[in-house]
Amino acid sequence: MKLASLNQGRDGQLVVVSDDNTRYLPAYQSLTLQAALDDWQRYQSSLQSLSQQLNGDTNLGKPCSEAQFAAPLPRAYQWLDGSAYVNHIELVRKARGAEMPDSFWQDPLMYQGNSDTFLSSTDDIAGFDESWGIDLEAEIAVIVDDVPMGASLSQCEQAIRLIALVNDVSLRNLIPAELAKGFGFVQSKPSTAFAPFVVTPDSLGEGWRDAKVHLPVTVEVNGEQLGAPNAGVDMTFNFAQLIQHATKSRALCAGTIIGSGTVSNVDLRTGSACLAEKRMIEIIDSGEPKTSFLKHNDNISIDVHTDAGDSLFGAIKQRVVIS
């Protein structure tokens, strides 16, 4: 099942989208995705029935344009972003000559980010100074049901309701000063963008196993491929483990979003899902970075295709605008 939010009102209007991304049906009048998640047991079967009707009859539904949609959750109660691909962390630390703590392989990194102003898939990356080091980060994320504090891994995996595709924009040159204060990200992590559609885990078939998405994430900058790392390969901590990490000392409410962190593969031939990683590889190889961060009028694209070649979440396509 594939869902989206029409760009209507502050929290959008929930719709069911056909598997081929071409048509949609409104779920219920004025129903939002957050409201559906708050009462998932009530709405799940009805939404699934609409999905089956839509996919079974090509005459049903209104035509889709990705520009019609807000982020699936235009705002959320909580956005927790992990760093599940430890290879990515290792490359960054290696480039600056820093040792890799053993604890990074046993305990996930995670921060709590801005969740009140998510961007749509076509919103500009705007309002920043090029000197801040504007970067994209292609990630997979999951949206969960209520999860109790101290949840088991089984409870955490069963709580995953939807899967999303994310561009977690980072301002790289602001990060060092913020982290040096020892209090985490604020200015260096602006609003995150989401692909227009979210899907239920069962809709991925074999693409969803071990609480991971086993599909490549294709990233382009100005029409040139930056990379296509597979999200299911080299993911040190799966989504159940990330959720469990978050619930050590808190419960999670329905609609909480958990990000994977930048997708990264040990096999460097798959390329990178962010510019910072490519720059780190260049530093390791030649002593200096050759790739610049994003500039005015740069265009980025992030997409995930199924084995049949279909866009799973719809594409994130954004332009950098420096005012």
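Residues numbered from 1 in each chain as written. Predicted model: local features only at pLDDT ≥ 70, side-chain atom pairs only at ≥ 80, totals over all residues. Heavy atoms only, no water.

### Describing the environment of Arg10
And then number 1: Looking at the element boundaries, Arg10 is found in the loop between β1 (2-6) and β2 (13-17).
And then number 2: Since its relative accessible area comes to 65%, Arg10 is described here as exposed.
And then number 3: In this view, Arg10 contacts Pro74 and Arg75; residues no more than four positions away in its chain are not counted. (Helix = DSSP H or I, 4+ residues; strand = E, 2+ residues; numbered from the N terminus. Buried < 20%, exposed > 50% of the residue type's maximum accessible area, 1.4 Å probe, protein only. Contact = heavy atoms within 4.5 Å.)

### Here we look at the nonpolar core
And then number 1: With 59 residues, the main nonpolar core has Ile140 and Val217 as its most contacted residues.
And then number 2: Taken together, the elements giving at least two residues each to this core come down to α3 (86-95), β9 (138-144), β10 (160-167), β16 (217-221), α6 (239-246), α7 (275-286), β19 (299-304) and β20 (316-321).
And then number 3: Per element, the largest residue contribution to this core is 5 residues, and it comes from α6.
And then number 4: Counting 30 residues, the second-largest nonpolar core is a separate cluster that includes Ala27, Ala36, Leu37 and Leu50. (Core = buried A, V, L, I, M, F, W, Y, C linked by side-chain atoms within 4.5 Å.)

### A closer look at the pattern of salt bridges
A side chain of one charge can pair with a side chain of the opposite charge when the charged atoms of the two come close.
And then number 1: Using the criterion set out here, one finds 9 salt bridges in the structure.
And then number 2: Ionic pairing is found between Arg42 and Asp39, a salt bridge with its closest N-O pair at 3.9 Å.
And then number 3: Exposure remark for Arg42: the relative accessible area of 54% places this residue in the exposed category.
And then number 4: According to the relative accessible area criterion, Asp39 is partly exposed, its value standing at 33%.
And then number 5: Across the pair Asp267 and Arg269 runs a salt bridge whose closest N-O atoms are separated by 3.0 Å.
And then number 6: On the accessibility criterion, Asp267 (33% relative accessible area) is partly exposed.
And then number 7: One network of salt bridges, with partners in common, ties together Asp135, Glu137, Asp168, Arg172 and Lys189. (Salt bridge = Lys/Arg side-chain N within 4 Å of Asp/Glu carboxyl O.)

### A short note on unusual backbone geometry
Most peptide bonds are trans, and most residues other than glycine sit at a negative phi.
And then number 1: For Asp210, which is not glycine, the phi dihedral falls at a positive 55°.
And then number 2: By secondary structure assignment, the location of Asp210 is in the loop between β14 (208-209) and β15 (212-213).
And then number 3: What makes Asp210 exposed here is its relative accessible area of 51%.

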